[in-house]
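# Topology and contacts: notes
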Amino acid sequence: MNKKYIKEKARSKAFAKINFIELENRTYKRDIKAGGDGRLSVDLLKTCLRSNERELLTWQYIAKLIEIDE
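Anyway, here's the lowdown on the structure attached to this text.

Quick notes on the rules
Residues numbered from 1 in each chain as written. Predicted model: local features only at pLDDT ≥ 70, side-chain atom pairs only at ≥ 80, totals over all residues. Heavy atoms only, no water. Helix = DSSP H or I, 4+ residues; strand = E, 2+ residues; numbered from the N terminus. Buried < 20%, exposed > 50% of the residue type's maximum accessible area, 1.4 Å probe, protein only. Contact = heavy atoms within 4.5 Å. Core = buried A, V, L, I, M, F, W, Y, C linked by side-chain atoms within 4.5 Å. Expected span 1.5 Å × (residues − 1).

## A few points about the environment of Glu 67
Relative to the elements of secondary structure, Glu 67 occurs in helix H2 (residues 42-68). According to the relative accessible area criterion, Glu 67 is partly exposed, its value standing at 40%. Spatially, the C-alpha atoms of Glu 67 and Arg 11 are 7.4 Å apart, while their sequence positions differ by 56 residues. Leaving out residues up to four positions away in the same chain, Glu 67 has contacts with Lys 7, Arg 11 and Phe 15.

Laid out in structure tokens, this is it:
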């Protein structure tokens, strides 16, 4: 395996993770507006959203590093 292949695989994984986190965040926001999702309290949903927002920043940083890697 060459470096270009590894970089492309890493890029794909990072962007897939970013997209998934963004989808989760939209769901959390929708459920918070609705007053909960029937399983989780609004407070727990807010905690999950805050955690995911931090996780998103981390993955965006990783993706940026992958993009600028030579």
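## A few points about the nonpolar core
Membership of the largest hydrophobic core is limited to 6 residues, which are Ala 14, Ile 18, Ile 21, Leu 56, Ala 63 and Ile 66. Broken down by secondary-structure element, the contributors of at least two residues to this core are helix H1 (3-33) and H2.

## Observations regarding H2
The first and last C-alpha atoms of H2 sit 39 Å apart over 27 residues, in line with the 39 Å expected at 1.5 Å per residue. Among the residues of H2, those classed as buried are Leu 45, Leu 49, Asn 52, Leu 56, Ala 63 and Ile 66.

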